[in-house]
Amino acid sequence: MKRETIEAWILKAAEGAENRIPVFEEPAFGAPIVGFGRGDDPLLAEFRRDIGPFYRLPGDWLALKYGRDFDPKALSLISWGFPQTGHSRETNAAETLYPSHRWALNRTYGEAFQRAMARRLEDWLDGQGIPAVAPMAHPDFRWEKSSRYGLASNWSERHTAYLCGLGTFGLCDGLISPLGKAMRYGSAIAALRLEPTPRPYTRYNEYCLADRGCDACIRRCPAGAITREGGHDKEKCRAYQENFVVPYCATAYGFDGTYGCGLCQTGVPCERRIPGRAAEDT
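Attention in this report is confined to the structure presented alongside it. For clarity, every value in this text was computed on a predicted model and none was experimentally measured. (Residues numbered from 1 in each chain as written. Predicted model: local features only at pLDDT ≥ 70, side-chain atom pairs only at ≥ 80, totals over all residues. Heavy atoms only, no water.)

## Some points on the packing of aromatic side chains
Under the counting rule described, the total for this entry stands at 16 aromatic pairs. Here Y55 and W155 contribute two aromatic rings whose centre-to-centre distance is 5.9 Å and whose plane-to-plane angle is 15°, an arrangement assigned as stacked. Of this pair, Y55 sits in the loop between α2 (42-51) and α3 (58-66) while W155 is found in the loop between β7 (150-153) and α6 (157-163), placing the two residues 100 residues apart along the sequence. By the burial criterion, Y55 is buried, and W155 matches it. Aromatic pair Y98 and Y248: ring centres 4.0 Å apart, planes at 10°, arrangement stacked. Of this pair, Y98 sits in the loop between α4 (86-93) and α5 (101-127) while Y248 sits in helix α8 (residues 234-252), and the two are 150 residues apart along the sequence. Taken together through their ring pairs, the aromatic side chains of Y98, Y240, F244, Y248 and Y253 make up a single cluster. Its guanidinium or amino end placed over the ring of W61, R56 lies 5.8 Å from that ring's centre, counting from NZ or CZ. Note that R102 overlies the ring of F24, its terminal NZ or CZ placed 4.1 Å from the centroid. (Phe/Tyr/Trp six-rings, centres within 6.5 Å; stacked < 30°, edge-to-face > 60°. Helix = DSSP H or I, 4+ residues; strand = E, 2+ residues; numbered from the N terminus. Buried < 20%, exposed > 50% of the residue type's maximum accessible area, 1.4 Å probe, protein only. Lys NZ or Arg CZ within 6 Å of the ring centre and 35° of its normal.)

Here is the structure:
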């Protein structure tokens, strides 16, 4: 199977009826970007060393599903990034304390679409005789305590996207892609060898302007969870979401359980492009 075939499948899935925000009857996301990586990329071992021993490697995920070992050299990573629509970005950029109604709903319905699409991709590849697994949709996907970073998951969609050439990290931990930082990422692991997407960068934060004086995401964060020295404080961010965002969304929007205000992803120079570079609006 070719990369182009998988990319075409993902692009077509993005056009489906599940990619919707029901209340507003409009798409949750615009057209995605797609990248590929090697299952034996040295960065994967670095991720595990950096994040913690609980971080699972591609072969670990496939072994969980199929009950047998897989050669990392024969595996590939498939990563995609869905951009928030112009409506979602614009309404959220206008907020200063809480997520806009569209953004809050997208956090739930958009993520549900992502997981459903990941499962369908996994099943489609399986049907082609290609063992595959989407970690975000696997029962063993969970959050752990990283000694270095605090709250961390045992598979990172943004780290996978970075490995697959889709973008680099910003000060707030968001991944800045050619379509900007207002994105949601997903991935799958497949037992076939695909040509990896070149990484057009050499530093993990190459696209971020913080080292050139930008403090836009710091100023946008209502929790004070982003600093130039410490980057993104996940615990402080999470506390703000639990204590303020969730209750607000339940009262204002009648929608319980919404996490993530996303203010640091909108109203900033990297919202919809790599800073200093043009990009099509979505």
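## Overview of the nonpolar core
Ranked by internal contacts, the top residues of the largest apolar core, which has 43 residues, are F47, L77, W155, Y162, L163, I189 and I226. Elements represented by at least two residues in this core include exactly α2, α3, α6, β9 (175-176), β10 (183-190) and α7 (216-220). Counting residues per element, this core draws most heavily on α2, which supplies 4 residues. Leave out the neighbours within four places in its chain, and I226 touches L171, C172, C217, I218, C221, G231, H232 and C264. One finds W9, F36, F113 and M117 within the second-largest nonpolar core, a separate group that totals 37 residues. (Core = buried A, V, L, I, M, F, W, Y, C linked by side-chain atoms within 4.5 Å. Contact = heavy atoms within 4.5 Å.)

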